[in-house]
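Survey of secondary and tertiary structure
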Amino acid sequence: MRCPLSLALGALVVLAGCATAGRPSGRSEIIRQILPSTVQLRCERDSGDRRAASGVVLARDVARGRTWIITTRHFVEPVIPQKLYVTFAGAKTRSLATLVRLSERADLALLEVDGLGAAPVRLKDSVTLGDEVWVVAYPWGRRMTLSNGVISQIVQDDVAGVYEGPARMVDVSVSYGSSGGGVFDVATGALVGLVEGYRTARMTPKTTPESVIEIPVAGETTLISADAIRRFVVEAGLESFLER
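Because the structure is predicted, anything quoted here is derived from the model rather than measured.

What follows deals with the packing of aromatic side chains. In this description, a pair of aromatic rings is defined by centroid distance and the angle of the planes. Per the counting criterion, the structure on display carries 2 aromatic pairs. An angle of 45 degrees between the planes, with centres 5.1 Å apart, marks the rings of Trp 68 and Phe 241 as tilted. Of the two residues, Trp 68 is situated in strand β3 (residues 66-71) and Phe 241 in the segment after α3 (226-236); the sequence distance between them amounts to 173 residues. On the basis of relative accessibility, which here comes to 3%, the residue Trp 68 falls in the buried class. For Phe 241, a relative accessible area of 26% corresponds to the partly exposed category. Aromatic pair Trp 140 and Tyr 176: ring centres 5.4 Å apart, planes at 50 degrees, arrangement tilted. Placement of the pair is Trp 140 in the loop between β8 (132-137) and β9 (145-154) and Tyr 176 in the loop between β11 (167-170) and β12 (182-185), with a sequence separation of 36 residues. A relative accessible area of 54% means that Trp 140 is categorised as exposed.

If you trace the backbone, Glu 112 turns up in strand β6 (residues 109-114). The class of Glu 112 is buried, set by a relative accessible area of 19%. Among the polar contacts listed, one links the side chain of Glu 112 to the side chain of Trp 68, at a separation of 3.2 Å. Among all residues touching Glu 112, those that are not within four sequence positions of it are Arg 66, Thr 67, Trp 68, Leu 96, Ala 97, Thr 98 and Val 100.

Moving on, we get to the layout of surface pockets. The space that makes up the largest pocket amounts to roughly 170 Å³. Lining the largest pocket are 15 residues, with Ala 52, His 74, Tyr 176, Gly 177 and Ser 179 positioned closest to its centre. Secondary-structure elements contributing two or more residues to the lining of the largest pocket are β2 (50-61), α2 (73-76) and β13 (191-203). Looking at which element gives the most residues to the lining of the largest pocket, the answer is β13, with 4 residues.

Once that is clear, we can look at α3. Residues lying three or four places apart along an α-helix face the same way, a consequence of the helix completing one turn every 3.6 residues. Here α3 has its buried residues at Ala 226, Ala 228, Ile 229, Phe 232 and Val 233. Angular distribution of buried residues about the axis of α3 spans 155 degrees; they occupy a single face of the element. Following α3 by one or two positions, Gly 237 adopts a phi angle in the positive range, close to 75 degrees.

For the rest of this paragraph, the subject is the nonpolar core. One finds Leu 58, Ile 70, Leu 123, Leu 191 and Ile 229 to be the most contacted residues of the largest nonpolar core, which totals 25 residues. Taken together, the elements giving at least two residues each to this core come down to α1 (4-34), β2, β3, β8, β13 and α3. The residues contacting Leu 58, other than those within four sequence positions of it, are Trp 68, Ile 69, Ile 70, Leu 110, Pro 120, Val 121, Leu 123, Ile 229, Val 233 and Leu 242. Core analysis: the second largest hydrophobic core is formed by 16 residues, Leu 41, Cys 43, Val 76 and Val 86 among them.

Structurally, Gly 165 can be placed in strand β10 (residues 164-165). For Gly 165, a relative accessible area of 7% translates into the label buried. Residues Gly 165 and Thr 128, spaced 37 residues apart in sequence, show a C-alpha to C-alpha distance of 6.6 Å. Beyond its immediate chain neighbours, meaning those up to four positions away, Gly 165 contacts Asp 125, Ser 126, Val 127 and Ile 154.

Take the pairing of strand β5 (residues 95-102) next. In this sheet, β5 lies alongside strand β4 (residues 82-87) in antiparallel orientation, the contact comprising 3 bridges. In the strand pairing of β5, Tyr 85 is matched with Leu 96. Examined bridge by bridge, β5 and β6 share 5 bridges and lie antiparallel to one another. Within β6, the position partnered with Ala 97 by the bridge is Val 113.

Another point: the confidence of the model for the chain. In the predicted model, the chain carries a mean pLDDT of 85, and the fraction of residues at 70 or more is 87%. A low-confidence stretch, residues 1-24 (pLDDT under 50), is modelled with 1 contact involving residues beyond four sequence positions or located in other chains.

Within the secondary structure layout, Arg 45 lies in strand β1 (residues 38-45). Only 3.5 Å separates the side chain of Arg 45 from the side chain of Gln 82, close enough to count as a polar contact. When near neighbours in sequence (up to four residues on either side) are disregarded, Arg 45 contacts Arg 51, Phe 75, Val 76, Glu 77, Pro 78, Ile 80, Pro 81 and Gln 82.

Analysis parameters
- Residues numbered from 1 in each chain as written.
- Predicted model: local features only at pLDDT ≥ 70, side-chain atom pairs only at ≥ 80, totals over all residues.
- Heavy atoms only, no water.
- Phe/Tyr/Trp six-rings, centres within 6.5 Å; stacked < 30°, edge-to-face > 60°.
- Helix = DSSP H or I, 4+ residues; strand = E, 2+ residues; numbered from the N terminus.
- Buried < 20%, exposed > 50% of the residue type's maximum accessible area, 1.4 Å probe, protein only.
- Polar contact = N/O pair within 3.5 Å; in protein donor to acceptor, adjacent residues only side chain to side chain.
- Contact = heavy atoms within 4.5 Å.
- 1 Å grid on protein atoms, 1.4 Å probe; cavity = no way out; pocket = protein on both sides within 12 Å on 5 of 7 lines; lining within 4 Å.
- Points joined across faces, edges and corners; volume = space filled by probe spheres on them.
- Arc of directions from axis to C-beta.
- Core = buried A, V, L, I, M, F, W, Y, C linked by side-chain atoms within 4.5 Å.
- Pairing = 2+ DSSP bridges.
- pLDDT = per-residue confidence, 0-100.

Written as structure tokens, this is what we have:
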């Protein structure tokens, strides 16, 4: 006869095994859901200047066959004669995009593309310090990259002890071309922000003290929060097209 404690321990082992076996499937499903939402962007100017960035599918008008993409304002500035292109994940061709709005409050720009691309993201306005996130972007204008980290700073009004609010920073390192990339909540797949940039430290080489080098600070990537994105969407009159 087995004692109750042995039976209880056996049940715990079985339950733990089931939970471990099911978890990777859930994460994989969320990853497959969020990857197509991040797009590759290119800007080409008549002067020959070319720039690369990332963006996120924000909303769609199915009836009229339009897709809106959110990215950073600094990618498209200065706004001079230029051509903007969007490449959706897995697509072999790129689509011509139109700049439709710039934010006056945040580093945000809204692009419009004819046709229906990937499914739009859902926004998550508030996060907690330590929440796990995925950053999806196209560094250096090349292949899509997925990185993992946590929320390392939130937007707050210098109130001691506050650890919840809009996302402001993650500990994931990024590089050129990642601006506008999506930062997604691992638990839900919702968008908590866009990559804005990364902090740098100034260093003066001993051999050339008159020059200054900007060195990226590893793991200090600043974001534009989903809360700021939502306000921008409301100003643009697109709130009804957002995913709920």
